[in-house]
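Residue-level structure breakdown
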Amino acid sequence: MSHEEETHHELQKEEELRVEVAHGRFVHVTLTDGTAEIFGAEIARGAAVKLPGGKHAIFTWSGASLTLRGTPEHCYAASETPMVTYANVEGVLEKRREKARADPTTFDGPRVALVGPTDVGKSSLSKILCNYAVRKGWHPLFVDLDLGQNGIATPATVGAVPVDRPIDPSEGFASARDLPLVYFHGDSSPGNNPDLYGHLIDNLAMMIDKRDATNAEAKASGSVVNTMGWVDGAGYKLLLRALDALKITDVLVVGQERLHAELRRDFRGKTVSGTKPTPIEVWKLPKSGGVVERSPAFRRATRDAAVKAYFYGPEGDLAPSSTTVDFGKVSVFKIGSGPRAPSSALPIGQKTSADPLRVSTVAPSMGLLNAVLAVSHGTTQTEILNQNVAGFVYVTEVDMASGRFTYTAPAGGALPSRNLILGTLKWIET
Ligand code: ATP
Ligand code: MN
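We now turn to the structure provided with this report. (Residues numbered from 1 in each chain as written. Chains lettered and ligands numbered in written order. Predicted model: local features only at pLDDT ≥ 70, side-chain atom pairs only at ≥ 80, totals over all residues. Heavy atoms only, no water.)

This next bit is on the site of ligand 1. With respect to spatial proximity, 21 residues lie near ligand 1, and among them Glu-16, Lys-55, Ser-124, Arg-294 and Arg-299 are the closest. Here an oxygen atom of ligand 1 sits 2.8 Å away from a polar atom, N or O, in the main chain of Ser-123. Look at ligand 1: alone it shows 630 Å² of surface, and the protein chains cover 93% of it. Elements represented by at least two residues in the shell around ligand 1 include exactly β2 (15-34), β5 (48-60) and α2 (122-135). (Near = heavy atom within 4 Å. Polar contact = N/O pair within 3.5 Å; in protein donor to acceptor, adjacent residues only side chain to side chain. Areas by Shrake-Rupley, 256 points an atom, 1.4 Å probe, with all protein chains shown as cover. Helix = DSSP H or I, 4+ residues; strand = E, 2+ residues; numbered from the N terminus.)

All right, on to the packing of helix α3 (residues 194-214) against helix α5 (residues 233-245) then. The interhelical angle for the contact between α3 and α5, taken along N-to-C directions, is 15°, at an axis separation of 9 Å. On the basis of their axis angle, the class for α3 and α5 is roughly parallel. Along this stretch, α3 crosses α5, giving a crossing that reads as right-handed. Here Pro-194, Asp-195, Tyr-197, Gly-198, His-199, Ile-201, Asp-202 and Ala-205 of α3 lie close against α5, whose contacting residues are Leu-238, Arg-241, Ala-242 and Ala-245. Residue composition of the contact of α3 with α5, grouped by class: seven nonpolar, two polar and three charged. (Axes fitted to C-alpha atoms, helices over the stretch in contact; angles between N-to-C directions. Parallel < 35°, antiparallel > 145°, perpendicular 65-115°, else oblique. Left-handed = near helix turned anticlockwise from the far one by under 90°. Contact = heavy atoms within 4.5 Å. Nonpolar A, V, L, I, M, F, W, Y, C, P; charged D, E, K, R; others polar.)

Time to look at the packing of aromatic side chains. The full count for this structure, using the stated rule, is nine aromatic pairs. Note on Phe-327 and Phe-405: the rings are 5.7 Å apart at their centroids and 15° apart in plane angle, and the pair reads as stacked. Residue Phe-327 is located in the loop between β17 (321-326) and β18 (331-335), and its partner Phe-405 is located in strand β22 (residues 404-409); the two are separated by 78 residues in the primary sequence. The two residues Phe-327 and Phe-405 agree in class, both being buried. Ring geometry for Tyr-394 against Trp-427: centres 4.9 Å apart, planes inclined by 85°, an arrangement best described as edge-to-face. With Tyr-394 in strand β21 (residues 389-399) and Trp-427 in the segment after β23 (419-421), this residue pair connects regions lying 33 residues apart in the sequence. Each member of the pair, Tyr-394 together with Trp-427, is buried. Clustering of aromatic rings is evident, with ring pairs tying together Phe-184, Tyr-310, Phe-311, Phe-392, Tyr-394 and Trp-427. When the ring centre of Phe-107 is taken as reference, the NZ or CZ atom of Lys-99 above it lies at 4.5 Å. (Phe/Tyr/Trp six-rings, centres within 6.5 Å; stacked < 30°, edge-to-face > 60°. Buried < 20%, exposed > 50% of the residue type's maximum accessible area, 1.4 Å probe, protein only. Lys NZ or Arg CZ within 6 Å of the ring centre and 35° of its normal.)

Moving on, we come to the pairing of strand β8 (residues 111-115). A large share of β8 lies buried, amounting to five of its five residues. Going residue by residue along β8, you find Arg-111, Ala-113 and Val-115 tucked away on one face and Val-112 and Leu-114 tucked away on the opposite face as well. Pairing of β8 with strand β12 (residues 223-226), which is carried by four bridges, proceeds in the parallel orientation. Opposite Arg-111, over in β12, you have Ser-223 as the bridge partner. Alignment of β8 against strand β13 (residues 250-254), held across four bridges, turns out to be parallel. By the bridge assignment, Val-112 is partnered in β13 with Asp-250. (Pairing = 2+ DSSP bridges.)

This next bit is on the sheet that holds β22. Strand order in the open sheet formed by seven strands is β17-β22-β21-β20-β23-β18-β19, and the pairing between neighbours is mixed. Single-partner strands in this sheet number two, and they are β17 and β19 (359-361). Going from strand to strand, the sheet's axes swing by 40° on average, the running direction of each strand aside. Both β21 and β22 contribute to a ladder of five bridges, which runs antiparallel. Paired with Val-395 across the two strands is Tyr-407, which belongs to β22. Sheet contacts for helix α7 (residues 296-312): β20 (372-376), β21 and β22; angle to β21, the most-contacted strand, approximately 100°.

Below, the discussion takes up the layout of surface pockets. Taken as a whole, the second largest pocket holds about 260 Å³ of empty space. Arg-96, Lys-99, Phe-107, Thr-278 and Pro-279 are, among the 14 residues lining the second largest pocket, the residues nearest its centre. Of all the elements in the fold, those that place two or more residues in the lining of the second largest pocket are α1 (83-102) and β15 (277-279). Element by element, the count of residues in the lining of the second largest pocket is highest for β15, at three residues. For the lining of the second largest pocket, the class distribution of residues is four nonpolar, four polar and six charged. (1 Å grid on protein atoms, 1.4 Å probe; cavity = no way out; pocket = protein on both sides within 12 Å on 5 of 7 lines; lining within 4 Å. Points joined across faces, edges and corners; volume = space filled by probe spheres on them.)

Printed below as a string of structure tokens:
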């Protein structure tokens, strides 16, 4: 086979190497001299770091020599980055964490949210902020509210994970040691059921408040919340609702002046009712020139890759297991009415009457084929609506004639529960 290409790169201080790798491919980068970090996670000298399909930046504060093995789609060095500004923000957050640690009965750590339109670097900056906090000994909670490009679990979920070590550039948050708290919405956009989206965020907020109430170190570390890129109209209202529910103290607006102005207007004079009322700060941050716009097709490919990584591991080397069961052995539920009828299809004056939070059973049908189902921790319908999920399976075969279906799960053995939740998320193995 063709031998792997090797290139060498010298970075001056505060420069970064931007590397784009095709989905399904890998590139290895080795730091041979100096210091370097990937979205805030330091890389060790001499050890090859595997970069999976996606867009990466290797930044250096002091200068670095790098060797790249493999064939990226694009690779170039850049000297203009917003990293100094980002590090200054981290410095302010750090002071607030220290204050909260020194006097936990008066002060709380910062609860930060990254907001902005799509493709401004929200997810990347949330990684950078988590990693800088971890490097200083904090254990921030990373929260991801983005159903489309979720950094914690599969798409169509929201969740939280305590970050107790730097985020591995090749594994993402999957490498965090603590099991994440994941809620299943079912769609890769909140638009089909915004009420459920808000409800799940309320549940998440309650769990975070509980954790902070019993763990002073967690409370001082605070949280870093990544949000979705839908910031207009109904999306803006959902965003406000989420910031409010999660008691966000610092709203970091990336890359859009208008959104920054709107949020400043709406948060003027407002406080968060923590240990002591804290004024809400709205910041404006520049977008990195390295952030690349991603097409709908690329986003879909990223979502598919995330589902695949769940079942096969980030390296693609895990063997999921396949099981065939009678329909009667499991219960499949849906929440709400599924995709809503457009109101134009209804008689004038009539509203859709379906309760968006209603949990109902789904009769077996071919519609289950290729569905990614969440395995609920709940057993009653109320619990199914309110509890986090244990994991996911996907349906590879539906046999209506014999009343059986076949699913793939990441591990063999019995499922943690027989109660499954169906949304619109589908995945076809390629
Ligand atoms: P979305 O709205 O889709 O969630 P986002 O605002 O969260 O987007 P990111 O996912 O952080 O944006 O960034 C978009 C893409 O650009 C990602 O693939 C990310 O890895 C890449 N990227 C971010 N910063 C840089 C950089 N400095 N150099 C190269 N690539 C970068
Ligand atoms: Mn994102």
